[in-house]
Amino acid sequence: MPEGHTLHRIARDLHATFAGQVVEVTSPQGRFAAGAALLTGHELLEARAHGKHLFVELEGERVLHVHLGLIGTFTIDAAAYVGERPVIGQVRCRIATEEHVADLRGPMTCAVITPEQEDAVHAKLGPDPLRDTDGELAWQRIHRSRKSIAALLMEQDVLAGVGNVYRCEVLFRHRINPMTPGERLKRASWELVWADLRRLLPLGVATSRIVTVDDQVEEVESALAKGEDVHLTERTSYVYKRTDQACVMCGSTVRAKDVAGRTLYWCGNCQRRS
């Protein structure tokens with residue numbers, strides 16, 4: 001499932017491409033025809049994200065609400081179209097102008113909602129490290145819970161936008177035992193996790209890749225600070241998808257276990273902190 005940085009990147013690119021323009025909205029697949037009819041011919045005002053939810057606001061208090069789910073994609077052409085605009089695959093929703101096209105395929109949610117309904121979605125979500133500066137609400141929900149911190153980081157009403165890769169990697173980066181109950185997690189440990197997510201997720205937006213290993217994090221931060229293009233080698237990780245391999249820090253075997261419906265990866269030797 002796409003993690004929060006993907007939705008924020010899509011929102012950024014949709015806004016940069018279409019904001020301030022009257023757009024044509026269609027449903028080549030046909031499943032969103034009624035919704036598209038409500039949106040087409042209106043000016044696109046803003047695209048924004050909260051966690052794994054995308055909201056595209058058009059004039060007339062019309063909001064396109066998208067959740068990509070497990071297989072959804074929202075592609076935006078990087079260059080102006082010349083000539084015919086082909087439809088490739090099952091395109092649920094297409095946003096277009098004379099020059100640009102954005103195609104949504106395979107989403108879990110694609111619906112036209114009101115601003116009040118959007119507010120209700122936001123109210124159910126926890127803080128988003130890419131949207132919110134304060135993680136206090138997440139902490140309040142974590143330290144009252146007996147669930148493991150590994151499970152809590154996957155609950156979108158606790159913390160919005162974090163998925164399995166960031167969960168595994170950020171817990172390893174701070175040596176936190178993923179099975180620690182939220183009520184036993186030290187506040188200082190949570191503040192380290194929150195600050196690190198606030199550091200790492202923007203790198204994902206900038207590169208369209210999850211970057212968690214220190215040397216790559218520093219490489220990306222340096223390039224962005226200098227205004228240079230980022231050219232990363234193949235993505236590496238500390239523990240994610242490294243089952244039964246040696247921990248890169250201590251050499252112990254990386255473990256794997258299903259937690260909250262996804263495979264958690266961790267090092268039992270390195271991650272002892274509560």
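Quantities reported herein were computed from a predicted structural model and do not represent experimental measurements.

Caption draft 1: Structural view of the pairing of strand S9 (residues 254-259). Across six bridges, S9 lies against strand S10 (residues 262-267) in antiparallel orientation. Note that in S10 the partner of Val254 across the bridge is Cys267.

Caption draft 2: Fine view of a nonpolar patch on the surface. On the surface, Met1, Leu70 and Ile71 cluster together into a nonpolar patch covering about 340 Å² of accessible area. Here Leu70 lies in the loop between strand S4 (62-67) and strand S5 (73-76). By relative accessible area, which is 64% here, Leu70 ends up exposed.

Caption draft 3: Up close: the environment of Cys247. Tracing the chain through its elements places Cys247 in the loop between helix H8 (214-226) and S9. On the basis of relative accessible area, Cys247 is assigned to the buried category, the value being 4%. Residues Cys247 and Glu98, 149 residues apart in the sequence, show an inter-C-alpha distance of 52 Å. When sequence neighbours within four positions are dropped, the list of residues in contact with Cys247 reads Phe172, Ser252, Val254, Cys267 and Cys270.

Caption draft 4: Local environment of the UniProt feature "domain: FPG-type" (unreviewed entry) in the protein chain. In this structure's numbering, the residues bearing the UniProt feature "domain: FPG-type" (unreviewed entry) are residues 238-272. As annotated, residues 238-272 comprises 0% helix and 34% strand, and the C-alpha atoms at either end are separated by 16 Å.

Caption draft 5: How the structure looks around the packing of aromatic side chains. As enumerated under the stated definition, the model contains three aromatic pairs in all. Measuring from ring centre to ring centre gives 5.4 Å for Tyr240 and Tyr265, while their planes differ by 80°; the resulting arrangement is edge-to-face. Residue Tyr240 is found in the loop between H8 and S9, and its partner Tyr265 is found in strand S10; the two are separated by 25 residues along the sequence. Exposure remark for Tyr265: the relative accessible area of 9% places this residue in the buried category. Between the NZ or CZ atom of Arg175 and the centre of the ring of Phe172, over which it lies, the distance is 4.7 Å.

Caption draft 6: Structural detail: the packing of helix H1 (residues 4-18) against helix H7 (residues 187-207). Look at H1 against H7: their axes get within 8 Å of each other, and the N-to-C directions meet at 50°. One way to sum up the angle between H1 and H7 is to call them oblique. Where H1 crosses over H7, the handedness of that crossing is right-handed. Together, His5, His8, Arg9 and Arg12 of H1 and Leu201, Gly204, Val205, Ala206 and Thr207 of H7 make up the contact between the two elements. By residue class, the composition of the contact of H1 with H7 is three nonpolar, four polar and two charged.

Caption draft 7: Quick peek at helix H6 (residues 164-173). Most of H6 is tucked away: ten of the ten residues are buried. Tucked into the core, H6 has its buried residues touching H1, helix H5 (149-152), H7, H8, S9 and S10. Arg175 lies just past H6 and shows a positive phi near 60°.

Caption draft 8: The arrangement of the nonpolar core in detail. Counting 43 residues, the largest nonpolar core has Ile142, Leu159, Trp190 and Leu197 as its most contacted members. Going through the elements one at a time, helix H4 (136-142), H5, H6, H7, H8, S9 and S10 are the ones with two or more residues in this core. Counting residues per element, this core draws most heavily on H7, at seven residues. Those residues in contact with Leu197 that sit more than four places away from it in its chain are Pro129, Leu159, Val162, Tyr166, Val170 and Pro202. Val23, Leu44, Leu54 and Ala102 belong to the second largest nonpolar core, which has 25 residues in total.

Caption draft 9: Layout of the side chain of His65. Here His65 is to be found in strand S4. Not counting residues within four places of it along the chain, the set of residues in contact with His65 comprises His53, Leu54, Phe55, Thr109, Cys110, Ala111, Ile113 and Val121.

Rules used in this analysis
- Residues numbered from 1 in each chain as written.
- Predicted model: local features only at pLDDT ≥ 70, side-chain atom pairs only at ≥ 80, totals over all residues.
- Heavy atoms only, no water.
- Pairing = 2+ DSSP bridges.
- Helix = DSSP H or I, 4+ residues; strand = E, 2+ residues; numbered from the N terminus.
- Patch = residues over 30% accessible without salt bridge, like charges linked within 9 Å, V, L, I, M, F, W, Y side chains within 5 Å.
- Areas by Shrake-Rupley, 256 points an atom, 1.4 Å probe, with all protein chains shown as cover.
- Salt bridge = Lys/Arg side-chain N within 4 Å of Asp/Glu carboxyl O.
- Buried < 20%, exposed > 50% of the residue type's maximum accessible area, 1.4 Å probe, protein only.
- Contact = heavy atoms within 4.5 Å.
- UniProt positions renumbered as here; feature names shortened; annotations may be inferred.
- Phe/Tyr/Trp six-rings, centres within 6.5 Å; stacked < 30°, edge-to-face > 60°.
- Lys NZ or Arg CZ within 6 Å of the ring centre and 35° of its normal.
- Axes fitted to C-alpha atoms, helices over the stretch in contact; angles between N-to-C directions.
- Parallel < 35°, antiparallel > 145°, perpendicular 65-115°, else oblique.
- Left-handed = near helix turned anticlockwise from the far one by under 90°.
- Nonpolar A, V, L, I, M, F, W, Y, C, P; charged D, E, K, R; others polar.
- Core = buried A, V, L, I, M, F, W, Y, C linked by side-chain atoms within 4.5 Å.

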